[in-house]
Structure formats: C-alpha cells, structure tokens
Amino acid sequence: MKNFSIFKTFDMFFRIVVIFLICFVWCRYFIDSLWLSLILTVILTLSIDFFIKFLFNRKTRKNKAILDEQEKIQNYINSFIFSDDSFSVNFFCDLAKKKYNVIKKTKFIQIEHTCNHVILYPYFMYREFNADDLITVFNKVKSLHPKKIVICTNKIDSLATKLSAKLPIKTILLDYIDTYNQLLVKYDCFPPMTKLNEQQKPNMKYLLGYALNKKRTKGYFIASLFLLFSSFIVPYKIYYVIMSSILLTLSFISYINPKFNKKENVELLE
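Reading the values: rules and limits
- Residues numbered from 1 in each chain as written.
- Predicted model: local features only at pLDDT ≥ 70, side-chain atom pairs only at ≥ 80, totals over all residues.
- Heavy atoms only, no water.
- Phe/Tyr/Trp six-rings, centres within 6.5 Å; stacked < 30°, edge-to-face > 60°.
- Helix = DSSP H or I, 4+ residues; strand = E, 2+ residues; numbered from the N terminus.
- Buried < 20%, exposed > 50% of the residue type's maximum accessible area, 1.4 Å probe, protein only.
- Contact = heavy atoms within 4.5 Å.
- Pairing = 2+ DSSP bridges.
- Axes fitted to C-alpha atoms, helices over the stretch in contact; angles between N-to-C directions.
- Core = buried A, V, L, I, M, F, W, Y, C linked by side-chain atoms within 4.5 Å.

Turning our eyes to something else, we now look at the packing of aromatic side chains. For the coordinates displayed, the defined rule picks out 14 aromatic pairs. Measuring from ring centre to ring centre gives 5.3 Å for Tyr-76 and Phe-190, while their planes differ by 35°; the resulting arrangement is tilted. Here Tyr-76 is found in helix α2 (residues 34-81), whereas its partner Phe-190 is found in the loop between α6 (176-185) and α7 (204-211), with 114 residues between them in sequence.

Further remarks concern the environment of Leu-144. With respect to the element layout, Leu-144 can be found in the loop between α4 (131-141) and β5 (148-152). Given a relative accessible area of 29%, Leu-144 falls into the partly exposed group. Considering only alpha carbons, one finds Leu-144 and Ile-119, 25 residues apart in sequence, at a separation of 9.1 Å. Here Leu-144 is in contact with Phe-108, Gln-110, His-117 and Ile-119, once residues within four sequence places are set aside.

Here the focus is the sheet that holds strand β1 (residues 101-104). Remark on secondary structure: sheet strands pair via backbone hydrogen bonds, oriented parallel or antiparallel. Taking strand neighbours across the sheet as the criterion, the 5 strands line up as β1-β2-β3-β5-β7 in an open arrangement whose pairing is mixed. Edge positions in the open sheet fall to β1 and β7 (170-174), since each of these has one partner strand only. Averaged over all neighbouring strand pairs, the angle between strand axes comes to 20°, with direction disregarded. Where α6 meets the sheet, its contacts fall on β3 (117-122), β5 and β7, and the angle it forms with β7 comes to roughly 100°.

Glancing now at the nonpolar core. What tends to happen in soluble globular proteins is that the nonpolar side chains get buried as a cluster. Counting 26 residues, the largest nonpolar core has Phe-92, Ile-109, Leu-120 and Leu-183 as its most contacted members. Elements that contribute at least two residues to this core include exactly α2, α3 (85-97), β2 (109-112), β3, β5 and α6. With 6 residues, α3 is the single largest residue contributor to this core. Excluding anything up to four places from it in sequence, Leu-183 contacts Phe-92, Leu-95, Leu-120, Cys-152, Leu-174, Asp-178 and Asp-188. Membership of the second largest hydrophobic core comes to 16 residues, among which are Met-125, Ala-160, Leu-167 and Ile-169.

Structure below.
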C-alpha cells in the first residue's frame, strides 16, 4: 500500500509538472511579463488538472462498477469451471425444475414440453468453447431430436458462434455473461462464488525494474536526441535541453545498471 501511495504521488506530481511546463511555454510566448506568466500558468495548471481529475474519476467509477460486476459474474461461473460435470448438471437441473419438467442425464438436462423438448447442456471450461466442442455436444444430443439446444459455457470462440448458426437444430450459445443474465438472474438461482487469487500489484521495485531495464535504453536515447535537436530550432530551448539530459541519464543508467538487468536462475524441479 505504501508503494502504491508513492506511485500515485509521483504520478500526480509528474502530471502537474507536465501541465505547468506546457502552459508556461505558451504563456511566455504571448506574455512578456514573467510574473504575470507564472500567475496565469498556475491558474491554468490548477484548472486543467481539476478538469482532468474530474473526467478521470467519473470514468474510473464507471469502469470500476462494470469490472466489479464482471468479476462477480466470473466468480459464479468459476464454480462450474472448477467443479466436475455432475455439479453443473445438478445445478442447472435444479434451476430448470423451478418452472419445467426435466430429465437429468449424465452430461446434460432434457427439458420436457408438451410436443417437444429442449436440451440444456452445461459445458464449462477455462479456455474458450470452440467449434470442435460444439460438434462434440451436437453429436451427443442430435439423436434425441430436440427442438433446441442451449449450451452454457465460459467464453466462446467466434468460429463456434458462426458454426452454431449453420446447424440443422437451433443451437444457442451462452457465454458467462449471458448465462448469468438469462438463466441465473432470471430464475434467481446462484451457485457459490469461487474467487481466484488476485494478481499481485506492481510495487516500486517492479516499476523501477521496468523503467530502468536495458531494453529501454534505445528508446530513451532516441527520444533524447530528438529533444536535443529540437532545442536548436525553438525559442525556449532550456526545457528541451533539460528533458533531453534527463532522458540521456535514464538511457545511461538503464544500460549500465546491473541490478535491473540481471537474469534470475530458477530451479524448475525443486
């Protein structure tokens, strides 16, 4: 948490400095007075930074709500992915029983209607449901001559979606979001959540290692040369000279610093 706070502080400081320098360059271009330029630059910097934070926070809240909802849905679906087939079949059998007469098979559920029946086939896996999986399911149930085949899965390959529209029996593929909205929510029936371990957030050491890795030497060097040559053709060249010097320093550090360039030897069989 401490490293994350330091990173946020650095990010805010860098953003304000960049906005300040851009505003100052243009204020000095149009205004001769240094003090008036500085005052106007401060006002513009604070106003622009406030506006950027307002837009960013609104977008962040919206995206967070969407991501939280998707994570909740995925945690429900994980219960099917990390359980055997019988768990999924039993769950969807209980779900369908709330409204229909059903016959539970080993791999799927047969929903009985007056003149026909529908196959509900849970087929959950971590990878995408592909065209070969669709053919496997279709071959298992086609002899029953159902009116419709509904397949619930995690994620769906585009080829499987295209193939499902060409099958002689109407086949509907539901990914994890459709399964949640059209079945779990509609029938008010939910499995227990299965949460996976969250990926560790990058700390300051990781960020420094990324920024000062030898792979970024060429990028820093080319950018510094570009700014250095730009300083010869612009009126306020000091800013370009400073940034060029900083980039050259980063290029030099990332090239010679062994701390962020060493390879870690991992014993695979221990």
